[in-house]
Amino acid sequence: MKIIALAGSNSRNSINKKLANYAAHLFENAEVEVLDLNDYQMPLFGVDIEVSIGQHPLAKAFLDKIATADVLVVSLAENNGNYSVAFKNIFDWCSRITAKIFQEKPMLLMATSPGVRGGATVLEIAKNAFPRFGAVVKASFSLASFNDNFDVEKGRISNEELDKQLLEIVKNF
């Protein structure tokens, strides 16, 4: 089984990338590839740019990566209650190629933040929107207060109760 994991953030030290990486590696007998949104930087989407250059090759490359997955593990950063600009730009470019960006792949959808809501707003937006774009959201998970509940040095959730919740989600996936 191949898992594509990604964070909806272009931060080099993305807490969502750390969570996505950890969660993806909980799946047994899985090959994991973690995508970096920085590898898919494109001009800010606009129809005038699209008319000028056509479908961006990096959007095609992103969709090709998604196509190789059996499972998607996505952890979204929340910027002002919504997707990060980096993620939304890739999303917008890809949606002009196909409406089914996530290609009917089963998805573990997550979010984390340093705050107590754990990206709850962006997680709700994505849970409602992603199925219209070909995501089969099998489960979701929010990790509140990342700095208190994730051990960066060990690369894992440090809060036993929250770790058990995520392990149970993966086990029943």
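Just above, that's the structure.
If you're wondering where the values come from, they're calculated on a predicted model, not measured in any experiment. (Residues numbered from 1 in each chain as written. Predicted model: local features only at pLDDT ≥ 70, side-chain atom pairs only at ≥ 80, totals over all residues. Heavy atoms only, no water.)

A. Just the packing of aromatic side chains, in detail. Enumeration over the complete set of coordinates arrives at 14 aromatic pairs. For the ring pair Tyr40 and Phe62, a centre distance of 5.2 Å and an interplane angle of 85° mean the geometry is edge-to-face. Placement of Tyr40 in the loop between strand E2 (31–35) and helix H2 (47–53) and of Phe62 in helix H3 (residues 57–67) is noted, with a sequence separation of 22 residues between them. For Tyr40, a relative accessible area of 7% puts it in the buried group. Between Phe146 and Phe150 the ring centres are 4.7 Å apart and the planes differ by 20°, which places this aromatic pair in the stacked class. Neither Phe146 nor Phe150 differs from the other in exposure class; each is buried. Clustering of aromatic rings is evident, with ring pairs tying together Tyr83, Phe87, Phe91, Phe102, Phe130 and Phe133. (Phe/Tyr/Trp six-rings, centres within 6.5 Å; stacked < 30°, edge-to-face > 60°. Helix = DSSP H or I, 4+ residues; strand = E, 2+ residues; numbered from the N terminus. Buried < 20%, exposed > 50% of the residue type's maximum accessible area, 1.4 Å probe, protein only.)

B. How the structure looks around the pairing of E2. By the bridge criterion, 5 bridges tie strand E1 (residues 2–7) to E2 in an arrangement that is parallel. Within E2, the position partnered with Ile3 by the bridge is Val32. (Pairing = 2+ DSSP bridges.)

C. Region of interest: unusual backbone geometry. Positive phi, close to 60°, is recorded for Glu104, a residue that is not glycine. Of note, Glu104 is situated in the loop between helix H4 (85–95) and strand E4 (105–112).

D. The arrangement of the environment of Asn16 in detail. In this structure, Asn16 sits in helix H1 (residues 15–24). On the accessibility criterion, Asn16 (3% relative accessible area) is buried. Put simply, Asn16 and Glu78 are 62 residues apart on the chain and 9.6 Å apart in space, counted from C-alpha to C-alpha. Filtering out sequence-adjacent residues up to four positions away, Asn16 remains in contact with Ala7, Ser75, Leu76, Ala77, Ala111 and Thr112. (Contact = heavy atoms within 4.5 Å.)

E. Up close: empty space enclosed by the protein. The full count for this structure, using the stated rule, is 1 cavity of 30 Å³ or more. Every residue lining the largest cavity is listed: Ala7, Ser9, Asn10, Ser11, Ser14, Lys17, Leu35, Asp36 and Leu37. For the lining of the largest cavity, the residue count by class is 3 nonpolar, 4 polar and 2 charged. (1 Å grid on protein atoms, 1.4 Å probe; cavity = no way out; pocket = protein on both sides within 12 Å on 5 of 7 lines; lining within 4 Å. Points joined across faces, edges and corners; volume = space filled by probe spheres on them. Nonpolar A, V, L, I, M, F, W, Y, C, P; charged D, E, K, R; others polar.)

F. Just the pattern of salt bridges, in detail. In this structure the tally under the stated criterion is 8 salt bridges. For Glu50, the salt bridge goes to Arg96, with nearest N and O atoms at 2.7 Å. In this pair, Glu50 is assigned in helix H2 and Arg96 in the loop between H4 and E4, connecting sequence segments 46 residues apart. For Glu50, a relative accessible area of 15% corresponds to the buried category. Among the ionic contacts, a cluster of salt bridges with common partners joins Lys2, Glu33 and Lys65. (Salt bridge = Lys/Arg side-chain N within 4 Å of Asp/Glu carboxyl O.)

G. A look at the sheet that holds strand E3 (residues 71–76). Strand order in this open sheet of 5 strands is E2-E1-E3-E4-E5, and the pairing throughout is parallel. Edge positions in the open sheet fall to E2 and strand E5 (135–143), since each of these has one partner strand only. Along the sheet, successive strands turn relative to each other by an average axial angle of 20°, direction set aside. Of the strand pairs in this sheet, E1 and E3 are connected by 5 bridges, and their pairing is parallel. Bridged to Ile3 within E3 is Val71. Across the sheet, H3 lies against E1, E2, E3 and E4, angled at about 135° from E1, the strand it touches most. (Axes fitted to C-alpha atoms, helices over the stretch in contact; angles between N-to-C directions.)

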